[in-house]
Each structure stands twice: as structure tokens, then as C-alpha cells.
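# Secondary and tertiary structure notes
As a plain string of letters, each chain reads:
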Amino acid sequence: MSERHVSELERVLGHSFSKTELLLRALTHSSHAQESEGETAPETRRDDNEQMEFLGDAVLGFVTSQELFRRFPAYNEGQLSKLKAHLVSAKHLVRAARKLEIGEFLRLGRGEEKTGGRAKAALLVDALEAVLAALYLDAGLDMAREFILREILGPELTRLQEHGTEMPVFDYKSRLLEVAQASGHPQPSYVVLKEEGPEHRKTFTVEARVHLHDDGAPDFAGRGIGPTKKKAEQLAAQQALEKIENGTNQQK
């Protein structure tokens, strides 16, 4: 699908840009910039959305932290951090990006276009964060905050508030994967250690193994026991995350 005109996206965003080039840059993937600029050295390129993604991530993080601080005054730092990790996770952001149809406005190189770049979760999340930066740079923090609360945080925050003092259910496996990828290492592995009980009432024991360094043994491991493999994997990932956060090596 070809790029749609940015004026359509401006209507979706609820803001008419005084500097349209900011929005265009936010929608420009590095593959498009490289094709347009030919042999220009990578360190001199500033026409793609990578730097804006960096700024947009910071704006999103600040607005999210501020809103959680306001809405959940009884939560401690650990609870607020977990809520924030959920709200700014790629899994959550990609839903917002797809709802806004960000992919249809992307400016992609021919290679990315052919390989389905408009539907790739990573590209959509990056572009959404870059669009937040464009809103911030063009209209200020209030406009960016209004958009973030309306389109990204609002529905989910309302759902979370309805839980009262209870924590919502988190996708610990996705969070553990993000931690591993951030360190440049392979995704965690899940090993079924034990399967017990009759067919209609089985119990699974699963171990999550995380490698954050290059030696052989996993640096961290967590175990979970549940009525299904998926439930046991989530519990194992949760324990592994707790060990990582506490700096507790599983070999110690």
C-alpha cells in the first residue's frame, strides 16, 4: 500500500502541524532516507526517524510516569515501575499504532516495502514514538500529553484504575524477552522439568533460563508450577525477572 497523505494523519492526531517536515521525518524509516541520500555517510544522516524515536520515548515515559503518580498515589515505586513497563511496552504500543494506522503513512525504502515493513511491529512502535516527538516539537508538551492520554494510555489506565489496589496481570514472558534483547542476547528458553497428574488435572513445572552474558550456563533462572504450560511459563518468567531486578544470580 502506498503512503497516504500526511494531512489524513494530522486529522487522526488532532493537530495541524506548523512544521510539516517534523511529521514527515517522524514517518521516514532509515531505509527510505538511505535511498534518498545515496552514498551519504551514515553519521551525517538526520532525515530518518531514529533520533525522534529517542525523544518520543522520553516524552512517553515522562507523561506515563506523571500520570501514574497522579492516579495511583497508594502504589510504591516497584508497583509504579511495573505499571509503567506494561504501558510503554512494545506489545501495548503496537496496538495503538495499528489502531491509528501508522503503517499506512510510513515512508519506506523499496526493500522494506517488499518485505512487509508497514506491518512490522518494531517499525510501527518506532514510528509512533517518533510521531510523539513531532507533536512535542511542533506544539509543546501539553499537546503531546493530550494525545498520549487519549490514544495510548487512556483506555488502559481506566481499566487499571478499576482494579483498585490490585495489580493487573502482566505478560512476564514479554517483559523477560525485552530484558534479554536489550542486552543483545538470545531470547529466554523455557524447559518443562516435570509433568504430573491425570490428564484432566495436570501440573507442569517449567524453568525459564536467561542468558545475559556469553558463558555457557544461564545467568538467571526461574521456576513456575501451573495447571498449563503457559501459566507455568509466566510464573517462571516472573520469578526470573524478580531475580534479575534483585541482582540475584541463580548460581549463587
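Definitions and limits used
Residues numbered from 1 in each chain as written. Predicted model: local features only at pLDDT ≥ 70, side-chain atom pairs only at ≥ 80, totals over all residues. Heavy atoms only, no water. Pairing = 2+ DSSP bridges. Helix = DSSP H or I, 4+ residues; strand = E, 2+ residues; numbered from the N terminus. Axes fitted to C-alpha atoms, helices over the stretch in contact; angles between N-to-C directions. Contact = heavy atoms within 4.5 Å. Buried < 20%, exposed > 50% of the residue type's maximum accessible area, 1.4 Å probe, protein only. Arc of directions from axis to C-beta.

### Considering the sheet that holds strand 2 (residues 203-210)
- The strand order across the open sheet formed by three strands is 1-2-3, and the pairing between neighbours is antiparallel. Every interior strand has two partners, whereas the edge strands, strand 1 (189-196) and strand 3 (220-226), have only one. Neighbour-to-neighbour, the strand axes of the sheet open up by a mean angle of 20°, direction not taken into account.
- Bridge analysis of strand 1 against strand 2 gives seven bridges, and the strand direction is antiparallel. Looking across to strand 2, one finds that Tyr190 is bridged to Ala208.
- Sheet contacts for helix 11 (residues 229-246): strand 1, strand 2 and strand 3; angle to strand 3, the most-contacted strand, approximately 145°.

### Some details on helix 5 (residues 77-87)
- Among all positions in helix 5, only Leu83, His86 and Leu87 are buried. Down the axis of helix 5, the smallest arc covering the buried residues is 95°, so these residues share one side.

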